[in-house]
Structures are given as C-alpha cells and as structure tokens.
Amino acid sequence: MTLVAEITEVLGQTLEVDEALARLSRLLVPRLADWAAVDLRVGSRQVHRVAVTGPEGCDAGQEDWRGQLPPPARETAPSPLVQVLNGGGPVLQDRADMEALSDSPLAAVHSAFLSATGASSVVTVPLGTGRQVTGALTLVRTNPARPFDAGDLDVASDIGRRVGPVIDNARRFGRQREVAEAMQRNLLPPLPEHGRIQLAARYQPAPAGTQVGGDWYDAFTLRDGTLPSSSATSWATI
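Nothing here was measured: the structure is a model prediction, and the numbers come from that model. (Residues numbered from 1 in each chain as written. Predicted model: local features only at pLDDT ≥ 70, side-chain atom pairs only at ≥ 80, totals over all residues. Heavy atoms only, no water.)

*Asks:* Could you give an account of the pairing of strand 2 (residues 46–53), with specific residues and numbers?
*Replies:* Across seven bridges, strand 1 (residues 35–42) lies against strand 2 in antiparallel orientation. Its bridge partner lying in strand 2, aspartate 39 is registered against arginine 49. Of the pairings in the sheet, the one linking strand 2 to strand 3 (residues 67–69) comprises three bridges and is antiparallel in character. Of the residues in strand 3, the one forming a bridge with valine 47 is leucine 69. (Pairing = 2+ DSSP bridges. Helix = DSSP H or I, 4+ residues; strand = E, 2+ residues; numbered from the N terminus.)

Right under this line is the structure:
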C-alpha cells in the first residue's frame, strides 16, 4: 500500500507521458520487480514499447527493446500481452507458461524480451480498465526462489488502474497544447517588407505549460508607404 500510494503521488506531479512512465519504472524496479516494460496503444492498430527498466548497471540493449511493436491483431490469441492489450484481465505466468510457442508476431517479440531478461515469473496487467485500456505493464522477476504470487498480481493490477487515467490525462493535455501552439502560430502576423529595412520579431510565450500567452507583435505599413518608427504593438493576455 505504501508503494501504491507513492506511485499515485509521483504520477500526479507531471502531465508528460514519458516522464510519468519513467518515474513509474524507477519506483517499480527493484522494489517490486527486476524488470519493467510499458507498452502503449497508439490508435487502434499500433503498439509502442515506451519504457524498459532493469537492474542498475544493466542498461545495455534496453534501447533496442523500445519502439514500435507488431499490432495485437488476434483478440483470441493466448499470449498474455495480446490479451491484455485487447481488454483482457491481468495474467500471472511462471516459467512453464513462458515456454509455450509464440502465437503472433507481438508475442514472439515479447517472448524474446522475457528470454533476454532471464524471466522466471511474469505479471502482465492492463493500464486502465475495461474498454479504456491504454496499454500494458509487464513486470519480471528473475529469481526462481522469489516468484510473483496472487498478492503481487493484485498490487500490479491496482497500479495499472491508477496509471491508465494518468496517461489519458497526459494525452489530453498534449492535444490541448498542440491546439494552443497552433493558435500561437496563427495569431502571429507576417512582417511586411519595406524597402531596405529588414524586420525581425521574437515571440516569447508567457506560461511554459500551454506555450501561449504574454505579448505578441504586429508591424504594418501606413497608407503613404511609410513604416512608423514605433510600429510594434503588444496586448496583455487574457
């Protein structure tokens, strides 16, 4: 419960997806698992492995495991990762379960990851709940004498339910920021050309979060073709 409370507090401190998942991984490894991987759904057909964290000093090869993964096309596939990404419940695997043949390209990539980490026990849980699954969290333990149990599965599932809304909120924030940046660009007028005079402007938004605000500029030529000596105008942001 202490770990879950700490994760909830830390995730609430950022609206950046990558930063939130990096913080999550650092809390889970090594306190709950030896390895952690986070896969996010992007649209209806794409899956990206956005975070992989292992024991301290085992950084080699982690970048190779990140990136776009094959789509979870078959909803009936027995692969735990495929099932979870398609709305299934949490899954606990032991070594015997992991020896089953891969039934899809995504399952094959994931099996290779588990083999490379030396997994002996694996928990895979959805990020979110029901139809609002945004991805999957995979936790790995490598010590056969310390496998995951039903209690660990419950804890991981609780974490996944808490992480899902954080990702959704961060994505909404990202879309709002894109809209704000588009507004910023559209509000900035082109500077006129005036003979041998070269005009330049620098726009500095006020708040760091929305990237919109502060003052903006305007420059224009009068009817008689002259450029006023003081043609820059600024307005306070509402």
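Next comes the rest of the account.
*Asks:* Could you give me a rundown of the confidence of the model for the protein, with the residues and numbers involved?
*Replies:* Per-residue confidence for the protein gives a mean pLDDT of 77, with 76% of residues at or over 70. Low confidence marks residues 230–238, where pLDDT is under 50. Its contacts with residues over four positions away, or in another chain, come to 16 contacts. (pLDDT = per-residue confidence, 0-100. Contact = heavy atoms within 4.5 Å.)

*Asks:* Any details on the sheet that holds strand 6 (residues 135–141)? Residues and values, ideally.
*Replies:* Spatial strand order, 3-2-1-6-5-4: six strands in an open sheet with antiparallel pairing. Looking at strand neighbours, the two that pair on one side only are strand 3 and strand 4 (91–94), the edges of this open sheet. Strand-to-strand, the axes of this sheet are offset by a mean angle of 25 degrees, without reference to chain direction. As defined by bridge partners, strand 4 adjoins strand 5 (residues 121–127) across four bridges and the pair is classed as antiparallel. Directly across from glutamine 93, in strand 5, lies its bridge partner valine 122. Sitting on the sheet, helix 2 (residues 17–28) touches strand 1, strand 2 and strand 6, and the angle it makes with strand 1 is about 155 degrees. Taken strand by strand, helix 6 (residues 105–117) contacts strand 1, strand 2, strand 3, strand 5 and strand 6, and its axis lies near 30 degrees from that of strand 6. (Axes fitted to C-alpha atoms, helices over the stretch in contact; angles between N-to-C directions.)

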